[in-house]
Amino acid sequence: MEEMGRVLAGVGSGEVEPARVYHEFAKLDGVRFPAPVGRFPGLVKRVRGLREVKLPSGRDVAHLLKGGLAEIIVRRRSRREYGPGGVRLEELAALLHFSVGIWGSKYGYLLRPYPSAGALQPVEVYPVIGDVDGVEPGIYHYDPSSSSLKLLRAGDWRGELMRIALDQEHVGEAPLDLVLTVVYARTRWKYGIRAYRYVHLDTGFAAQNIYLVAEALGLGTCAVGAFYDDDLSDLLGIDGWNEFPMLIMPVGRRR
Ligand SMILES: Cc1cc2nc3c(=O)[nH]c(=O)nc-3n(C[C@H](O)[C@H](O)[C@H](O)COP(=O)(O)O)c2cc1C
């Protein structure tokens, strides 16, 4: 408690950064045990889209992944320039299935390819599509429970997404971008304030999968963390607190 008092006083005087306060409050050391918060929003977000695009099953697109794990890990880079041509629907399906898809369930929880605090899996993926064969441009939500994309907003929104990402050209030039959000309410329900640490870790695990699976598919991606949060929330139609944006990942053909 004394330590906490010193920290809070330091924030007031400008000597301690606010992140330190969060860090102290979120520790599991008995100073303040995090309490669960709010109503549980469910393990999977389901939205009503304007239209639905069914994805081929993970098993049907598994053959598109090439290379051994060590080779892929060593080859992984953040790629900001892409080769000509769009991305095929099968490639997008493989990218989603093998990085963040649902592959089963156990004790009422879902099994996915990345670890997650409490198996609550707060990460949601919104493909912003410009050039994917057979899919009309638009902002979609990926529903892993039905292996489908739900169209939220029709049109090519990559230019607006690039503006939101501080005019980073790779965001506008890629055939598609994956926007990763977290349903913070899902993890906060169990872990209270400590959830703010966990959702960032979960996103990191999911994003690394996207990097590695993209490499295995002959595609390239880049984690983009610089963006105007509120504008991005507005673009996706999320409230920016119970669910908020974490990363933009442009995806294109590897050069
Ligand atoms: C949290 C985070 C935020 C990042 N934000 C950006 C970004 O806004 N724009 C960008 O071009 N790269 C961004 N990157 C990519 C890094 O610049 C890149 O990972 C780093 O230069 C190392 O290169 P490598 O990924 O090829 O190993 C980000 C990476 C992380 C992990």
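Visitor: Summarise the packing of aromatic side chains; cite the residues concerned and give the values.
Guide: Tallied over the entire structure, the rule returns nine aromatic pairs. An angle of 85° between the planes, with centres 4.9 Å apart, marks the rings of Tyr191 and Tyr198 as edge-to-face. For the pair Tyr196 and Phe244, a centre-to-centre distance of 5.9 Å together with 45° between the ring planes defines the contact as tilted. Of this pair, Tyr196 sits in helix 9 (residues 195-216) while Phe244 sits in strand 9 (residues 243-253), placing them 48 residues apart in sequence. A residue is classified by how much of its surface remains accessible, and Tyr196, at 33% relative accessible area, is partly exposed.

Visitor: Mind laying out helix 9, listing which residues take part and the relevant values?
Guide: The end-to-end C-alpha separation of helix 9 is 32 Å, in line with the 32 Å expected for 22 residues at 1.5 Å each. Remark: Gly218 follows helix 9 within two positions and exhibits a positive phi of approximately 80°.

Visitor: Tell me what's going on with the sheet that holds strand 6 (residues 148-154), and back it up with residues and numbers.
Guide: A sheet is described by the order of its strands in space; here seven strands give the open sequence 1-6-5-4-7-9-8, paired in antiparallel fashion. The two strands at the open ends of the sheet, each matched to only one other strand, are strand 1 (52-54) and strand 8 (219-221). Each strand of the sheet is rotated relative to its neighbour by a mean of 30°, with strand direction disregarded. As paired elements, strand 8 and strand 9 share three bridges and run antiparallel to each other. Within strand 9, the position partnered with Gly220 by the bridge is Gly252. On top of the sheet, helix 9 reaches strand 4 (123-129), strand 7 (176-183), strand 8 and strand 9; it is set at about 10° to strand 9, its chief contact. Across the sheet, helix 10 (residues 229-236) is in contact with strand 4, strand 5 (138-143), strand 6, strand 7 and strand 9; its angle to strand 9 comes to roughly 80°.

Visitor: I'd like a rundown of the environment of Thr181, residues and numbers included.
Guide: Along the polypeptide, Thr181 turns up in strand 7. Linking Thr181 and Arg51, residues 130 residues apart in sequence, is a C-alpha distance of 21 Å. Setting aside residues no more than four positions away along its own chain, Thr181 makes contact with Pro122, Val123, Glu124, Tyr126, Leu236, Ile238, Glu243, Phe244, Pro245 and Met246. Only 2.6 Å separates the side chain of Thr181 from the side chain of Glu243, close enough to count as a polar contact.

Visitor: Could you give an account of the side chain of Asp143, naming the residues involved and the relevant values?
Guide: Among the structural elements, Asp143 can be located in strand 5. The class of Asp143 is buried, set by a relative accessible area of 2%. Within polar-contact distance, the side chain of Asp143 engages the side chain of Ser145 at 2.5 Å. Among the polar contacts made by the side chain of Asp143, one reaches the side chain of Ser146 at a distance of 3.3 Å. With sequence-adjacent residues up to four places away left out, Asp143 is seen in contact with Val44, Lys45, Arg46, Ser148 and Lys150.

Visitor: How would you sum up the site of the ligand? Please name residues and give values.
Guide: Around the ligand, the structure places Arg76, Arg77, Ser78, Arg80, Gln168, His170, Cys222, Ala223, Val224, Gly225 and Ala226. Contacts to the ligand include Ser78, whose side-chain N or O atom sits 2.6 Å from an oxygen atom. Taking Ala226, its main chain carries an N or O atom lying 3.3 Å from an oxygen atom of the ligand. Protein chains shield 52% of the accessible area of the ligand, which is 620 Å² for the free molecule.

Quick notes on the rules
Residues numbered from 1 in each chain as written. Predicted model: local features only at pLDDT ≥ 70, side-chain atom pairs only at ≥ 80, totals over all residues. Heavy atoms only, no water. Phe/Tyr/Trp six-rings, centres within 6.5 Å; stacked < 30°, edge-to-face > 60°. Helix = DSSP H or I, 4+ residues; strand = E, 2+ residues; numbered from the N terminus. Buried < 20%, exposed > 50% of the residue type's maximum accessible area, 1.4 Å probe, protein only. Expected span 1.5 Å × (residues − 1). Pairing = 2+ DSSP bridges. Axes fitted to C-alpha atoms, helices over the stretch in contact; angles between N-to-C directions. Contact = heavy atoms within 4.5 Å. Polar contact = N/O pair within 3.5 Å; in protein donor to acceptor, adjacent residues only side chain to side chain. Near = heavy atom within 4 Å. Areas by Shrake-Rupley, 256 points an atom, 1.4 Å probe, with all protein chains shown as cover.

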